[in-house]
Amino acid sequence: MSLVRYETNDDIAVVTIDSPPVNCLNHGVRSGLIDALDQADMDPSIRAVVLIGSGNAFCAGADISELGLPLSFEEPTFHGTVLGTLDAMSKPVVAAINGVALGGGLELALGCNYRIAAPGTKFGLPEVKLGFMPGGGGTQRLPRAIGLEHALNMVLSGDPVRAEDYAGTELVREIANDDLRTAATKFARNIAADRPLPRLRDLRVEHPHASALLQFARGIVKSNRSALPGAMPIIDAIESAVNKTFDQGMQIELALFTALSESTEAKALCHAFFAERNSEKIDNLPVGTIPRAINTAAVIGAGTMGGGIAMCFADAGIPVKILDVKQEALDRGLAQIKSNYEASLKRGKLSEEQFAQRLNLIQSTLSYQEIGDADIVVEAVFEEISVKEKVFTQLDTMMKAGAILATNTSSLDVNRIASFTKRPQDVIGTHFFSPANIMRLLEVVSGTKTASDVLAGVMKLAKTLRKTTVVAGVCDGFIGNRMLEEYLRQALFLLDEGALPWQIDKVLEKFGMAMGPFRMLDVVGNDVPWAVRKRHYIKHPEKIYSKVADKLCEQGWFGQKTGRGWYRYEPGVRVPQTDPEVARLIEVHSASLGLVRRKISDEEIVGRCIYAMINEGAALLEEGIAKRASDIDVVYLSGYGFPARRGGPMFYADTVGLGNVLRTMRRYARNPYGDVRFWEPVVLLARLAAEGKNFTK
Ligand code: NAD
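Since we're looking at a predicted model, the values are computed, not measured.

**Section: the overall build of the protein**
From N to C terminus, the protein includes 28 helices and 17 strands. For the protein, whose C-alpha radius of gyration is 29 Å, the value lies close to the compact-globule estimate of 26 Å for 697 residues. If one aligns the C-alpha atoms of the protein with their principal axes, the spans along those axes are about 90 × 60 × 50 Å. Put simply, the protein has 697 residues, and 54% of those count as buried. Nonlocal contacts in the protein, meaning residues at least 24 apart in sequence, comprise 73% of its contacts between residues at least 6 apart. Accessible surface for the protein amounts to roughly 30200 Å². Of this, 54% is attributable to carbon and sulfur atoms.

Dropping the structure here:
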């Protein structure tokens, strides 16, 4: 079946892209477009063409399932043949745009002679966000349509704009308030005889201060540490729209686009995009599984996490009841929630009405009876198995049949928690990150007995809560924290051997981590990993740990909350200041171990910390705790501040080359200090390296 329909309405040909859901420019659509345009051009009874999309979109751009495949470069190509055919038409083509015209979809519309749009239509060139840049004339035609400044903003931000905001410009000749197809046909008939055919390529980009503006844009990009790799090439391409002929500009855009597509950074960002889309998918879900419906919720524990989780529900319009043991705890929790919403109100992020709505959706109670009819209950009480047992025993008796019983534990055994109930199939882990209402990541922990419809229900809920979700199996620390432990273990060994916290932070921040490990620990509170380590000393006596962090904790230096941690903090100020006493504490500790401190290179810091994480990631894959290497990347990109331009730890390992990672690990294993077994490669890593394969493809 053709993905492009050709119909006639007297003297007007109506060409409809009909490739649900969003009419992407796949090979079939490109072929269909060429056939339809040729047919219209050759038919003497046709005077003009309307190009329209079926359903709710004009066209959302390239087909991502074809990305990187030979099919995407096969004739008819978009850049050359489709746009070339539009350029060569002897009759006017009117793009009738509804819903969205994004990426290649907008470039297709810009290749037409006229554009009219339905109200509310969105136009955008989002390529920069995926690590790319427009490659189908977007950087050349858009500035000709809306001017240099608007085009720079739109292409560099990747954000869509509303048709209404550009009504009357070359981008949108008219907003069609009636049926779009009817309006476009009428419009086409009106302009059918107009010659010469208006083509954006024939316009000039005029701006009184073009070169100053371009310089300004370059300055902003240069000074932005997290600027996307497409930003500079986009400015170069747009500059050529100002200074060169249209055809020269198109060639420059194509050359920049091709070079960028080959860059590791662009590939990493593209990987990150697809990794996130894939992470929502549940492997091996039995056919016909119906996700358990979740319309009401309860949260146990009104502390840091419980309050944030309740806000997540309220933000999504789901009524939620918070239960705690003490009225004071409830009062404190609700006051915190209110103050968070007040801050959003002040910043204009919430209207008065939304503020009231959110608060109305959150109720509090001390009684399990009042929460028994909730579809899901999320437990967020103290991280002690005995407390979890108490709560889950109660939930088992008080919750209605079929309710989902979720735990927010960050490290306890979800299977064990499930065993406190007579309905382990209803129990699941929902590991939110702090602050829960802000952090995007949610690790969903599927227990051995968790029912498929429970898992599917929680994944669906996660989407409603607008979380980035990854499914993990049961193990200590799940995906994120288990890898973090190895990363931190190396960071602490590095302190013993000669590095200082601020040196390590600086190097890893330069690598791209949002926050170095020691700054991060001071934010989280050093007492939290201390408690975990103490548990691990007993559980894993075979593992060697540096004890330097324990020395810090013994001083009560827990981080920002105590004014001192790995850094010092002035009262009320969160800016860390290096602390000579911490340096002294570390040096004394090294001396007590008989170590002669040495200068540690930046390369060693990055290698030891990041490769530690990668090897543990391989272990998670091998054990089936993580289903896909890309899921691990999603966890680190969305929850741990790993640099997007490196694609996540597993993708990064692939770019380094697994053979190189392995060789370097063997070199680290020769280090006389530390845990030699630390660097034993996980079998999967060694096997993939030997076979010349990668984690992520
Ligand atoms: P918190 O100490 O801030 O809050 C715990 C709340 O639970 C308190 O209000 C307490 O009164 C209440 N509580 C204790 N026993 C209870 C019981 N039997 N019944 C009802 N309420 C009870 O703790 P938190 O930081 O919000 O952590 C809660 C859970 O979330 C823990 O399992 C923790 O490991 C996990 N977690 C915490 C973070 C974090 O960064 N804080 C991140 C992810 C997961």
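**Re the pattern of salt bridges**
Overall, the coordinates contain 50 salt bridges when judged by the stated rule. Between E7 and R181 there is a salt bridge; the shortest N-O distance is 3.4 Å. With a gap of 174 residues between them, E7 in strand 1 (residues 4-9) and R181 in helix 7 (residues 180-191) connect regions that are remote in the sequence. Exposure remark for E7: the relative accessible area of 28% places this residue in the partly exposed category. Residue R181 is classed as partly exposed on the basis of its relative accessible area, which comes to 31%. Between R608 and E497 there is a salt bridge; the shortest N-O distance is 2.7 Å. Here E497 lies in helix 18 (residues 480-497) and R608 lies in helix 24 (residues 602-622), a separation of 111 residues in the sequence. Overlapping salt bridges, with partners in common, bring together R5, E7, D18 and R181 in one network.

**Some words on empty space enclosed by the protein**
The tally for this structure, following the rule as stated, stands at two cavities of 30 Å³ or more. Its volume calculated, the largest cavity comes out at about 50 Å³. Looking at the largest cavity, the residues that line it are Q490, F493, R608, Y668, A669, N671, Y673, G674, D675, V676 and W679. Elements supplying a minimum of two residues to the lining of the largest cavity: helix 18 and helix 27 (658-669). Its residues assigned to classes, the lining of the largest cavity shows six nonpolar, three polar and two charged. In this model, the second largest cavity occupies a volume close to 30 Å³. Taken together, L484, Y487, M513, M515, M520, M613, Y636 and Y640 make up the full set of residues lining the second largest cavity. Across the lining of the second largest cavity, the residue classes break down as eight nonpolar, no polar and no charged.

**Remarks on the site of the ligand**
Taken together, 22 residues lie near the ligand, and M305, D324, E383, K388 and S410 sit nearest. M305 places a main-chain nitrogen or oxygen 2.8 Å from an oxygen atom of the ligand. Between an oxygen atom of the ligand and a side-chain N or O atom of D324, the distance comes to 2.7 Å. Every element with two or more residues in the shell around the ligand is listed here: helix 12 (304-315), helix 15 (385-398) and strand 15 (427-432). With three residues, the single largest contributor to the shell around the ligand is helix 15. Of the residues in the shell around the ligand, the class split is 11 nonpolar, eight polar and three charged.

**So, the sheet that holds strand 5 (residues 100-102)**
Here we have three strands laid out as an open sheet, ordered 5-7-8, and mixed in their pairing. The sheet terminates laterally at strand 5 and strand 8 (161-162), the two strands that pair on one side only.

**Looking at the packing of aromatic side chains**
Evaluated as defined, the whole model comprises 15 aromatic pairs. Centre to centre, the rings of F678 and W679 are 4.8 Å apart; their planes meet at 55°, and the pair counts as tilted. An identical accessibility class is assigned to F678 and W679; each is buried. Each residue in the set Y611, Y668, F678 and W679 is aromatic and connected to the rest through ring pairs, giving one cluster. Above the face of the Y545 ring, R489 is positioned so that its terminal group lies 5.2 Å from the ring centre. Cation over ring: K534 sits above W530, and NZ or CZ is 3.8 Å from the ring centre.

Procedures and definitions
Residues numbered from 1 in each chain as written. Predicted model: local features only at pLDDT ≥ 70, side-chain atom pairs only at ≥ 80, totals over all residues. Heavy atoms only, no water. Helix = DSSP H or I, 4+ residues; strand = E, 2+ residues; numbered from the N terminus. Rg over C-alpha atoms; globule rule 2.2 N^0.38 Å. Buried < 20%, exposed > 50% of the residue type's maximum accessible area, 1.4 Å probe, protein only. Contact = heavy atoms within 4.5 Å. Areas by Shrake-Rupley, 256 points an atom, 1.4 Å probe, with all protein chains shown as cover. Salt bridge = Lys/Arg side-chain N within 4 Å of Asp/Glu carboxyl O. 1 Å grid on protein atoms, 1.4 Å probe; cavity = no way out; pocket = protein on both sides within 12 Å on 5 of 7 lines; lining within 4 Å. Points joined across faces, edges and corners; volume = space filled by probe spheres on them. Nonpolar A, V, L, I, M, F, W, Y, C, P; charged D, E, K, R; others polar. Near = heavy atom within 4 Å. Polar contact = N/O pair within 3.5 Å; in protein donor to acceptor, adjacent residues only side chain to side chain. Pairing = 2+ DSSP bridges. Phe/Tyr/Trp six-rings, centres within 6.5 Å; stacked < 30°, edge-to-face > 60°. Lys NZ or Arg CZ within 6 Å of the ring centre and 35° of its normal.

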